[in-house]
Amino acid sequence: MATIVCWNTAFLLQIIIVAVQVLAGRDFYAILGVSKNANTNQIKRAYRKLAKEHHPDKNKNDPDAERRFQDLGAAYEVLSDEEKRRVYDRHGEEGLGKGDTGGDPFSSFFGDFGFGFGGMREQEQEIPRGGDVLMDLDVTLEELYSGNFVEVVRYKPVAKPARGTRKCNCRMEMVTTQLGPGRFQMSQQQVCDECPNVKFVPEEKVLEIEIEPGMRDGQIYPFVAEGEPHVDGEPGDLKFKIKQSKHKMFERRGDDLYTNVTISLTDALVGFEMNIEHLDKHKVHVSRDKITWSGARLRKAGEGMPNYENNNVKGALYITFDVDFPKGALTTEQKEGLRKLLDQESKQTVYNGLQGF
Ligand SMILES: *[C@@H]1O[C@H](CO)[C@@H](O)[C@H](O)[C@H]1NC(C)=O
């Protein structure tokens, strides 16, 4: 008996919750799984991840997939737009009014990057393709460390109907012509159809590129079908090649970072403490108690770049020290004092300066 009552209450509660949700419109933050104060980058990242998972092409057997994907698109469209988000925060989905574009942001977002839906292409090999376009994309080390979204404006020629006709579907065919009585000639000739004419009109399109943490120099980021159009076939791809800019403090090798620090001779001898500002502005604390010689190298595990395949794994930061010696000369007493203090034998070793000799 008690269990039935329990179940009833739960059921009632569910109905109430559903009713409240319908009244208040959809909870876009819950749909994207982000907090109310998430920044734009977090929203974009959440959308990108979920859109990949819930794309209807990947969930053909799930009748709910289409609706979930539309919810995602709507949530993204509102929360990624400052103005719409402000209205939504105040008045909910109702406040936004009807008749919004409702367009699928997926199409202008990331192209087809990393998805498996492009499988049609192999079967249609005879269809001509426009050329691929390869562009360099300059990216800072900061962006590669933390991730970022970059907007690229592309002027893309788009085919529009035009007056007249044009030759199309051209192919070679054998034609037999009679040259005279009893004389024929067979020859190959180009035969074409007449198609409605098109002209290419440049159109502006904003493409959004996600710089993912840990992406590597030279990595290719493709937008399927955003390359050169082809009048009789499909467009080529637009590809961005990540070009890592030089950084004034850090050098990257794989997932490891390298930096140099100059310390004073006093620091080198008595020890020191310092903070290095990292790429996302967090501080890396360095302290030495022992003597630091010129060329000494310190390894800070986990302070390198995030690994592209697994962002939770980070490389190491290697800090190489060099010592800034004071200039000038010491007095005789100072020299004596130092000799006593350091208690180091006078010693000179001659060796090959090009070590690989
Ligand atoms: C550190 O110094 C070495 C030697 O001068 C130089 O080759 C290297 O490029 C420097 N590294 C950075 C990150 O500046």
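Residues numbered from 1 in each chain as written. Predicted model: local features only at pLDDT ≥ 70, side-chain atom pairs only at ≥ 80, totals over all residues. Heavy atoms only, no water.

### As for unusual backbone geometry
Stage number 1. Located in the positive-phi region is Asn169, a residue other than glycine, with phi close to 50 degrees.
Stage number 2. By the element assignment, Asn169 lies in strand β2 (residues 148–180).
Stage number 3. In this structure, Lys281 takes a positive phi of about 75 degrees despite not being glycine.
Stage number 4. Along the chain, Lys281 turns up in the loop between β8 (272–277) and β9 (283–288). (Helix = DSSP H or I, 4+ residues; strand = E, 2+ residues; numbered from the N terminus.)

### Overview of the sheet that holds strand β5 (residues 238–244)
Stage number 1. One open sheet accounts for three strands, arranged β1-β5-β4; its pairing is mixed. Two strands lie at the open edges of the sheet, namely β1 (133–139) and β4 (220–223), each paired on one side alone. Ignoring which end each strand starts from, the neighbouring axes of this sheet average 25 degrees apart. (Pairing = 2+ DSSP bridges. Axes fitted to C-alpha atoms, helices over the stretch in contact; angles between N-to-C directions.)

### A short note on the state of the cysteines
Stage number 1. Enumeration according to the criterion identifies two disulfides in this entry.
Stage number 2. Covalently, Cys168 is tied to Cys195 through a disulfide, its sulfur atoms 1.8 Å apart. Here the disulfide of Cys168 and Cys195 is right-handed, its torsion about the S-S bond being about 70 degrees. You can see Cys168 sitting in strand β2 and its partner Cys195 sitting in strand β3 (residues 183–211), a full 27 residues away along the chain.
Stage number 3. Among the residues examined, Cys168 registers a relative accessible area of 0% and is labelled buried.
Stage number 4. Between the sulfur atoms of Cys170 and its disulfide partner Cys192 the distance amounts to 1.9 Å. (Disulfide = S-S within 2.5 Å. Buried < 20%, exposed > 50% of the residue type's maximum accessible area, 1.4 Å probe, protein only.)

### Focus: the layout of surface pockets
Stage number 1. Considered as a void within the structure, the largest pocket measures approximately 800 Å³ in volume.
Stage number 2. If you trace the largest pocket, you find 24 residues lining it, with Leu265, Leu269, Phe325, Leu338 and Leu342 closest to the centre.
Stage number 3. Mapped onto the lining of the largest pocket, the elements with two or more residues apiece are α7 (265–270) and α8 (332–342).
Stage number 4. It is α8 that provides the largest number of residues to the lining of the largest pocket, a total of five residues.
Stage number 5. Taken together, the residues that form the lining of the largest pocket break down as 12 nonpolar, seven polar and five charged. (1 Å grid on protein atoms, 1.4 Å probe; cavity = no way out; pocket = protein on both sides within 12 Å on 5 of 7 lines; lining within 4 Å. Points joined across faces, edges and corners; volume = space filled by probe spheres on them. Nonpolar A, V, L, I, M, F, W, Y, C, P; charged D, E, K, R; others polar.)

### What to know about the site of the ligand
Stage number 1. Taken together, Met249, Glu251, Tyr258, Thr259 and Asn260 form the complete shell of residues around the ligand.
Stage number 2. Contacts to the ligand include Glu251, whose side-chain N or O atom sits 3.1 Å from an oxygen atom.
Stage number 3. Here the ligand, which alone exposes 360 Å², has 39% of that area covered by the protein.
Stage number 4. Here the element with the most residues in the shell around the ligand is strand β7 (residues 256–264); it accounts for three residues.
Stage number 5. Looking at the shell around the ligand residue by residue, the class counts come to two nonpolar, two polar and one charged. (Near = heavy atom within 4 Å. Polar contact = N/O pair within 3.5 Å; in protein donor to acceptor, adjacent residues only side chain to side chain. Areas by Shrake-Rupley, 256 points an atom, 1.4 Å probe, with all protein chains shown as cover.)

### So, the packing of helix α4 (residues 65–79) against helix α5 (residues 82–95)
Stage number 1. Taken N-terminus to C-terminus, the directions of α4 and α5 make an angle of 105 degrees; their axes are 6 Å apart at the nearest point. The orientation of α4 with respect to α5, classified from their angle, is roughly perpendicular. Residue-level inspection shows Glu77, Val78 and Leu79 of α4 in contact with α5, the latter providing Lys84, Arg85 and Tyr88.
Stage number 2. Here the residues of the contact of α4 with α5 are counted per class, giving three nonpolar, no polar and three charged. (Parallel < 35°, antiparallel > 145°, perpendicular 65-115°, else oblique. Contact = heavy atoms within 4.5 Å.)

### With respect to the pattern of salt bridges
Stage number 1. Evaluation of the coordinates by the stated rule reveals 27 salt bridges.
Stage number 2. One salt bridge in this structure joins Arg86 and Glu83, with 3.2 Å as the shortest N-O distance. Within this pair, Arg86 and its partner Glu83 are both found in helix α5, separated by three residues, close to a single helical turn.
Stage number 3. Overall, the relative accessible area of 41% leaves Arg86 in the partly exposed class.
Stage number 4. Between Glu277 and Lys283 there is a salt bridge, with the nearest N and O atoms lying 3.7 Å from each other.
Stage number 5. Of the residues examined, Glu277 reaches a relative accessible area of 36% and is grouped as partly exposed. (Salt bridge = Lys/Arg side-chain N within 4 Å of Asp/Glu carboxyl O.)

### Regarding α4
Stage number 1. Under the 1.5 Å per step criterion, the end-to-end length of α4 is 21 Å for 15 residues, consistent within 8% with the ideal 21 Å.
Stage number 2. Along α4, the residues that are buried comprise Ala65, Phe69, Asp71, Leu72, Gly73, Ala75, Tyr76, Glu77, Val78 and Leu79. (Expected span 1.5 Å × (residues − 1).)

### Thoughts on the confidence of the model for the protein chain
Regions with low pLDDT should not have their predicted coordinates read in detail.
Stage number 1. Per-chain confidence: the protein chain averages 83 in pLDDT, with 85% of residues scoring 70 or above.
Stage number 2. Per-residue pLDDT stays below 50 along residues 18–22; that stretch engages in zero contacts with residues further than four places along the chain or on separate chains.
Stage number 3. pLDDT under 50 marks residues 111–124. Its contacts with residues more than four places away, or in other chains, come to 25 contacts. (pLDDT = per-residue confidence, 0-100.)

### A short note on the sheet that holds strand β6 (residues 251–253)
Stage number 1. Pairing is mixed across the open sheet formed by four strands, whose spatial order is β6-β7-β11-β10. Strands at the two margins of the open sheet, each flanked by one partner only, are β6 and β10 (297–300). Neighbour-to-neighbour, the strand axes of the sheet open up by a mean angle of 30 degrees, direction not taken into account.
Stage number 2. Sheet analysis places β10 next to strand β11 (residues 317–324), joined by four bridges and oriented antiparallel. Its bridge partner lying in β11, Arg297 is registered against Thr320.

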